[in-house]
Amino acid sequence: MGGETNTVRETVEEMPLSPCSRLFNSPDFNCAIIVTMGCKVKGNPSAIIDGLKHTLVNHPRFSSILEMKNGKKGKPSWVRTKVRVEEHVIVPDIDPDIENPDQYLEDYISTLTTIPMDLSKPLWEIHVLCLKTSNAESIGLLKIHHSLGDGMSLMSLFLACTRKTSDPEALPTVAVQKKQFGPTCYSGFFNKIWWLFVGLWFILRLLFNTFVDVLMFALTICFLRDTETPLLAKPCSELKPKRFVHRIISFDDVKLVKNAMNMTVNDVLLGVTQAGLSRYLSRRYDQEATPKSKESMRRIRLRSAIMINLRPNAGIEALADMMAKKSKCRWGNLFGYILLPFSIGLETDPLEYLRRAKVTVDRKKHSLEAVFSMAFFKLILKVLGLKASVILVRKVIHSTTLTFSNVVGPKEEITFHGHPLSYIAPSVFGHPHALTLHFQSYGNKIIISVTADPTVVPDPHKMCDDLVESLKLIKSSVLERGLYEMEV
């Protein structure tokens, strides 16, 4: 069969595709992830190849090819193969005296979004660019088909392949959000009665929010669409080459605002995004001679279809152990969607963006929208088939404006197979949105990644600048009002 020159079948070990993986492999929803790694040293492909042989290829998904029709009972399946790592590490020939390396990198990634994955091999590859840019001595580009896993799982697996720069034997540490509901002690009759009422109120609120969100989800599938703005995707936007740009901001600045406003990091980043999009849209309307007043911009319906991982994260330690000992670990795509509304408008008080963001996020935390959407799409897939399920997912995405995500990264600097990293900038392409915003924490940095269809967002660099400037204005407002107290 085709592809035997690239991979050699070891066994007939098969694993059926999950419903979500089947969705990502459909011709109309062919998504892939690109992780840009800025390295502090010159690229060494041999070291990366040797490292991958002892880590990534030991993961079942990264050592399996996709059989869409020849699996068990004719169903799509993952079939284990013997991987030749050298065929997955690509080293382009680059002129060392190139005039504009940053632009070359941007063009290279854009071209990469137009090249389909080779189905005769496991669906991943790494491009090692011996190219010195403004933020790195060399670049690594990890391209992974989204059917291999959800974003959180793939990021955990990537981190499991790295080690702390300060301790080459230690895995990275990632902040874990502690969840707690109610007091640690329920002693006392009145205390128990009080928390009984609190629990009842929590359940009623959860049911009401879920009902409203599911209703809005259904209306979106039927007819409810975001306002026509310069950010809304055009037909076939998923087929267009994408531009990947990023900016690096200080995580300490975000934490300063978070502590001053008594919020989470996610609240702050959503507030910064609302402020940045408002600035960007206001300028675009002015440029296009369609000025929008402050009040008319407030009436804009602008939402993000956010993918929520519903599978418990296996953890970096478990994944590292699996690759080292070839043991088993929970894996796969299991996610639902939520529709997150963005508040758009030019505010005189920059902190108002944060307050609105917190209200939105707090409400979404008390809803089962993601669970219901996942169950609904699985039911449609089972009853009506893959084609109907893809049509519904595309309908939801076409009716919204952008993809938004925020992923927690390592607390300290890490090394990827002998390459200390200065930044990590992941993003996704292949879905019908024209704009994707991704925030990735890394040590004392946060990397803002903007992925855009240039026919819709012709100036993604300016959008990055608007997001950075919005954070500066919010931080300045916090300091001017004396809301922040230096921790001792």
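Computed from a predicted model, the values in this text were never measured in an experiment.

### Details of the pattern of salt bridges
Phase 1 of the analysis: The tally for this structure, following the rule as stated, stands at 22 salt bridges.
Phase 2 of the analysis: The salt bridge partner of Lys40 is Glu413, with a shortest N-O separation of 2.6 Å. Of this pair, Lys40 sits in the loop between strand 2 (32-39) and helix 2 (45-53) while Glu413 sits in the loop between strand 12 (403-407) and strand 13 (414-416); the two residues are 373 residues apart in sequence, bridging distant segments of the chain.
Phase 3 of the analysis: The class for Lys40 is partly exposed, based on a relative accessible area of 38%.
Phase 4 of the analysis: Since its relative accessible area comes to 31%, Glu413 is described here as partly exposed.
Phase 5 of the analysis: A salt bridge links Arg356 to Glu347; its shortest N-O distance comes to 3.4 Å.
Phase 6 of the analysis: Salt bridges linked by common partners bring Arg298, Glu347, Asp349, Glu352, Arg355, Arg356 and Arg481 together as one network.

### Description of the packing of helix 7 (residues 265-287) against helix 10 (residues 351-365)
Phase 1 of the analysis: Packing of helix 7 against helix 10 leaves a shortest axis separation of 8 Å and a crossing angle of 125°. In terms of orientation, helix 7 and helix 10 fall into the oblique class. Seen along the crossing, helix 7 lies across helix 10 with a hand that is right-handed. Side by side, helix 7 and helix 10 meet where Asn266, Asp267, Val268, Leu270, Gly271, Val272, Gln274, Ala275 and Ser278 of the first sit next to Tyr353, Leu354, Arg356, Ala357, Lys358 and Val361 of the second.
Phase 2 of the analysis: Classifying every residue of the contact of helix 7 with helix 10 gives eight nonpolar, four polar and three charged.

### Remarks on the environment of Ala357
Phase 1 of the analysis: Relative to the helices and strands, Ala357 is located in helix 10.
Phase 2 of the analysis: For Ala357, a relative accessible area of 0% puts it in the buried group.
Phase 3 of the analysis: Counting along the chain gives 87 residues from Ala357 to Leu270, while the straight-line C-alpha distance between them is 5.9 Å.
Phase 4 of the analysis: Beyond its immediate sequence surroundings of up to four residues, Ala357 is in contact with Asp267, Leu270, Gly271 and Gln274.

### Structural notes on the pairing of strand 3 (residues 64-67)
Phase 1 of the analysis: Every second residue of strand 3 is oriented toward a common face, with Ser64 and Leu66 on one face and Ile65 and Glu67 on the other, all of them buried.
Phase 2 of the analysis: For strand 3 and strand 4 (residues 77-80), the ladder comprises four bridges, and the chain directions are antiparallel. Bridging across to strand 4, Glu67 finds its partner in Ser77.

### Brief notes about the sheet that holds strand 3
Phase 1 of the analysis: Pairing in this open sheet of three strands is antiparallel, and the strands run 1-4-3 from one edge to the other. Only two strands of the sheet have a single partner each, and these edge strands are strand 1 (14-16) and strand 3. For this sheet, the mean angle separating the axes of adjacent strands, direction not counted, is 25°.

### Digging into the side chain of Ser21
Phase 1 of the analysis: Turning to its location among the elements, Ser21 is positioned in helix 1 (residues 19-24).
Phase 2 of the analysis: When its relative accessible area of 2% is taken as the criterion, Ser21 is described as buried.
Phase 3 of the analysis: At a separation of 2.9 Å, a polar atom in the side chain of Ser21 contacts the main-chain carbonyl oxygen of Ser147.

### Topic: the side chain of Ser373
Phase 1 of the analysis: Inspection of the secondary structure assignment puts Ser373 in helix 11 (residues 369-384).
Phase 2 of the analysis: Overall, Ser373 belongs to the buried group, its relative accessible area being 4%.
Phase 3 of the analysis: At 2.8 Å, the side chain of Ser373 forms a polar contact with the backbone nitrogen of Tyr337.
Phase 4 of the analysis: In contact with Ser373, other than residues within four places in its own chain, are Phe217, Gly336 and Tyr337.

### What to know about unusual backbone geometry
Phase 1 of the analysis: Unlike most non-glycine residues, Cys236 shows phi in positive territory, near 65°.
Phase 2 of the analysis: Inspection of the secondary structure assignment puts Cys236 in the loop between helix 5 (189-222) and strand 9 (243-250).
Phase 3 of the analysis: The class for Cys236 is partly exposed, based on a relative accessible area of 42%.
Phase 4 of the analysis: Unusually for a residue other than glycine, Asn262 sits at a positive phi of about 55°.
Phase 5 of the analysis: Turning to its location among the elements, Asn262 is positioned in the loop between helix 6 (251-261) and helix 7.
Phase 6 of the analysis: Taking the relative accessible area as the measure of exposure, Asn262 reaches 64% and is therefore exposed.

### Focus: the packing of helix 7 against helix 13 (residues 460-480)
Phase 1 of the analysis: Axis separation between helix 7 and helix 13 bottoms out at 8 Å; the angle between their running directions is 125°. When the axis of helix 7 is compared with that of helix 13, the two are oblique. At the point where helix 7 passes helix 13, the crossing takes the right-handed sense. Note on element contacts: helix 13 touches helix 7 through Lys462, Met463, Asp466, Leu467, Glu469, Ser470, Leu471, Leu473 and Ile474, opposite Val272, Thr273, Ala275, Gly276, Leu277, Arg279, Tyr280, Arg283 and Gln287.
Phase 2 of the analysis: Split into classes, the residues belonging to the contact of helix 7 with helix 13 amount to nine nonpolar, four polar and five charged.

### Regarding the nonpolar core
Phase 1 of the analysis: Core analysis: the largest hydrophobic core is formed by 78 residues, its most contacted members being Phe29, Leu52, Trp124, Phe158, Tyr337, Phe416 and Leu421.
Phase 2 of the analysis: Here Phe29 is in contact with Leu23, Phe24, Tyr337, Val390, Val393, Arg394, Ile397, Gly430, His431 and Pro432, once residues within four sequence places are set aside.

### Re helix 4 (residues 151-160)
Phase 1 of the analysis: Counting buried positions over the ten residues of helix 4 gives eight, a clear majority of the element.
Phase 2 of the analysis: Among all positions in helix 4, only Ser153, Leu154, Met155, Ser156, Leu157, Phe158, Leu159 and Ala160 are buried.
Phase 3 of the analysis: In this structure Asp150 caps helix 4, since a side-chain oxygen of it lies 3.1 Å from the backbone nitrogen of Met152.

What counts and what doesn't
Residues numbered from 1 in each chain as written. Predicted model: local features only at pLDDT ≥ 70, side-chain atom pairs only at ≥ 80, totals over all residues. Heavy atoms only, no water. Salt bridge = Lys/Arg side-chain N within 4 Å of Asp/Glu carboxyl O. Helix = DSSP H or I, 4+ residues; strand = E, 2+ residues; numbered from the N terminus. Buried < 20%, exposed > 50% of the residue type's maximum accessible area, 1.4 Å probe, protein only. Axes fitted to C-alpha atoms, helices over the stretch in contact; angles between N-to-C directions. Parallel < 35°, antiparallel > 145°, perpendicular 65-115°, else oblique. Left-handed = near helix turned anticlockwise from the far one by under 90°. Contact = heavy atoms within 4.5 Å. Nonpolar A, V, L, I, M, F, W, Y, C, P; charged D, E, K, R; others polar. Pairing = 2+ DSSP bridges. Polar contact = N/O pair within 3.5 Å; in protein donor to acceptor, adjacent residues only side chain to side chain. Core = buried A, V, L, I, M, F, W, Y, C linked by side-chain atoms within 4.5 Å.

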